Amino acid sequence: VWQQRPIISHLMLTDANVDMERRADGLRNWRLVDPEDRGPGKVRVLTLQAERTKLRFLNEAIELDMMAQATPAETASQPKGKDALPSRLTFDGSYHGERFVAAGFAGSVLSFRESGLSFPLRGHLISGKTRIDVDGMFADIFDPGAIDATVRVAGPSLSRIHPFLAFQPPVSRPYVLEAQIKQGDKAYTFAKLHGKVGDTDIAGEATYDRNAERPVAKVSLRSEVADLADIIFLTGADYRANGSFAHADTGRARARAGVAAAAPKRAAPGKRMRAFDAHLQLQLKKLKAAAVPMLESLRLAADLVDGTLKVTELDLGIAGGHITGALDYDGTVAHASLDARNIRLERFVPTPPSSTTSTGAIRARLRMTGHGDSVTSVLASAKGEVAAIVEGGRISNLVDAKLGLNVGKIIGLKFRGDRDIELTCGAAAFDFNNGIGKSQVVLLETEQTHTDGAGTIDLRERNIDLLLTPQPKNPGFLTLNSSIHVQGPLHKPGFKIEERVPLAPAGIVAPPAAVAAIFRPLLETRQAGGQCAAVLNAQGVQTRAVVVKK
């Protein structure tokens, strides 16, 4: 009272009708002595007991306009098995332009944060098709403050929780999530987190701490069966931005998705990356995607600290094998170091049931750097190398005959039937600079045909331009003395037969020592026969592979 800042420890309203309005400039209709005073609040109410009371509250500064009503609760109207709460609360209004209604049961006395007290609350809030259910202890009816409650959220998209959260989550598929939430001293803990997003089950735990200079989020999630389209929101991306993830929303949405997939130019959130720090651990025991049926699993550990994203652990199960490595991106420069092992050719490139299956184990290595503020700019500036080999497998004899342009053998196999033959070695290496990858080695060796190749991969335009020149080991009378020109989009190139262009052995356009350095990490592993090493050595590439027979 001496400071003219009275504290009301307990305010009781009975049969009251209250109308409180606050303009955006701070003008309040409840200041009677000095109506023009727009300064900070002077009266603090610690607890409130309202009986048969209506309250209309307007705060233009936060775009909140609502009507609240407190009435005695009927025990029969409360959920069975729950302790009866004496007060029924209802709310109807809008927040940042979003309409909402809420209802619930509470203790007879409501508290506000500065009281240091909590009260029980059981109820729900509905905005559009989003519903939030709560059951637990709260410290403030308007500003959550300390919380210890079970919260269940369900809706068509996580993005629709905004503006009821301080940040806007990305667009997601329909979801239902539940967790035990505790908050104290600006830190949230989400325990026993479980639910579904789309068809994906999710479980785990998380924390969100606002005490540091930047908020820090720690999330650990796991799933038994996950769909890529369901979890892509974890990257901040809109699942509809990829044509393979689009579902039947509207034709216009599908059209937008197609354009985005053809030329994704969405800028990376540089400033947003510095707005908070995050630590994510993700384990998906079974991963699937309609557009990439060979996906199998994913284990990921990533850290976002001071605007730099580092994927410290990556293990992607794909086509019977694994892609492992690390990635980092600071909003300007991106680095990628990936290795692929034992990826099965027959699962990565499926063949029709009536065709002879090609088999083999693919090993690959990628080391790449790019810069820019979007995926497009990073790819356009990519610099580094990519190399892959496949050996010890089998390939369709008909496919080999077509590749060798052996028309006579093609006709014969059509009558005699196809079979598989040994795939001695397939090898390719590209050196990238400013998004253009020039071939260092392209070769395919079977027991019947040797094929050399040369060309480019353009990550800027996402297309390939490759010339293949086959050399059948036993050419027939109807063997074409030509080359094959492969050209077009990476996802679906075309080909045509052109005048033969002789190529250097293995299509090598770099010094053999440099080529050897690219392949040596792939060949210095325990292999059954070291066939690719022998083929490359025969072409003048001294790989000096360490070969240990099983």
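Residues numbered from 1 in each chain as written. Predicted model: local features only at pLDDT ≥ 70, side-chain atom pairs only at ≥ 80, totals over all residues. Heavy atoms only, no water.

Visitor: It is not clear to me how the pattern of salt bridges should be interpreted in this structure. Could you clarify?
Guide: One side chain can pair with another of opposite charge once the charged atoms of both are near each other. This model, assessed by the stated rule, comprises 22 salt bridges. The residue D19 makes a salt bridge to R56 at a minimum N-O spacing of 3.8 Å. With D19 in strand β3 (residues 17–22) and R56 in strand β6 (residues 53–59), the pair connects residues that are 37 residues apart, well separated along the chain. The partly exposed category is assigned to R56, whose relative accessible area is 21%. Between R131 and D133 there is a salt bridge, with its nearest N and O atoms 2.9 Å apart. The class for R131 is partly exposed, based on a relative accessible area of 32%. A cluster of three or more residues bridged by salt bridges with shared partners is formed by D19, E21, R56 and D65. (Salt bridge = Lys/Arg side-chain N within 4 Å of Asp/Glu carboxyl O. Helix = DSSP H or I, 4+ residues; strand = E, 2+ residues; numbered from the N terminus. Buried < 20%, exposed > 50% of the residue type's maximum accessible area, 1.4 Å probe, protein only.)

Visitor: What exactly am I supposed to notice about the side chain of N59 here?
Guide: Secondary-structure assignment places N59 in strand β6. On the accessibility criterion, N59 (9% relative accessible area) is buried. Excluding anything up to four places from it in sequence, N59 contacts R22 and L64. (Contact = heavy atoms within 4.5 Å.)

Visitor: So what exactly am I meant to see when it comes to the packing of aromatic side chains here?
Guide: For the structure on display, the rule yields 2 aromatic pairs. Arranged with centres 6.3 Å apart and planes meeting at 20 degrees, the rings of Y188 and F190 form a pair that is stacked. Relative to Y208, the ring of Y188 lies with its centre 6.5 Å away and its plane at 40 degrees, an arrangement referred to as tilted. Here the residue Y188 occupies a position in strand β15 (residues 187–197), and Y208 occupies one in strand β16 (residues 200–209), the gap between them amounting to 20 residues. (Phe/Tyr/Trp six-rings, centres within 6.5 Å; stacked < 30°, edge-to-face > 60°.)

Visitor: Looking at this structure, how should I read the nonpolar core?
Guide: The nonpolar side chains of soluble globular proteins are, as a tendency, buried together. Judged by nonpolar contacts, the single largest core of 61 residues is most densely connected at F91, F138, Y175, L284, L287, L298 and L300. Counting residues in hydrophobic clusters, the runner-up holds 15 residues, among them I389, F519, L523 and V535. (Core = buried A, V, L, I, M, F, W, Y, C linked by side-chain atoms within 4.5 Å.)

Visitor: Looking at this structure, I do not really get the side chain of E445. What am I missing?
Guide: On the secondary structure map, E445 appears in strand β28 (residues 436–446). Since its relative accessible area comes to 12%, E445 is described here as buried. A polar contact of 2.3 Å, which involves the side chain of E445, links it to the side chain of H450. Excluding anything up to four places from it in sequence, E445 contacts L423, T424, C425, H450, K473 and V535. (Polar contact = N/O pair within 3.5 Å; in protein donor to acceptor, adjacent residues only side chain to side chain.)

Visitor: How should I be thinking about unusual backbone geometry in this particular structure?
Guide: Only a minority of non-glycine residues have a phi that is not negative, and only a minority of peptide bonds are not trans. With a phi close to 50 degrees, H96 is a non-glycine residue in the positive phi region. Tracing the backbone shows H96 in the loop between β8 (87–95) and β9 (98–106). In the Ramachandran plot, A319 falls in the positive-phi region, its phi being about 50 degrees despite a non-glycine side chain. With respect to the element layout, A319 can be found in the loop between β22 (308–318) and β23 (321–329). The exposure class of A319 is buried, given its relative accessible area of 0%.

Visitor: When you look at the sheet that holds strand β5 (residues 47–51) in this model, what are you seeing that I'm missing?
Guide: Strand pairing in a sheet relies on backbone hydrogen bonds. The paired strands run either parallel or antiparallel. In spatial order, the strands read β2-β5-β10; together these 3 strands make up an open sheet with mixed pairing. Of all the strands in the sheet, the pair left with one neighbour each is β2 (11–14) and β10 (110–111). Relative to β5, β2 is paired through 4 bridges, and the arrangement is parallel. Following the sheet pairing, T14 is matched in β5 by E51. (Pairing = 2+ DSSP bridges.)

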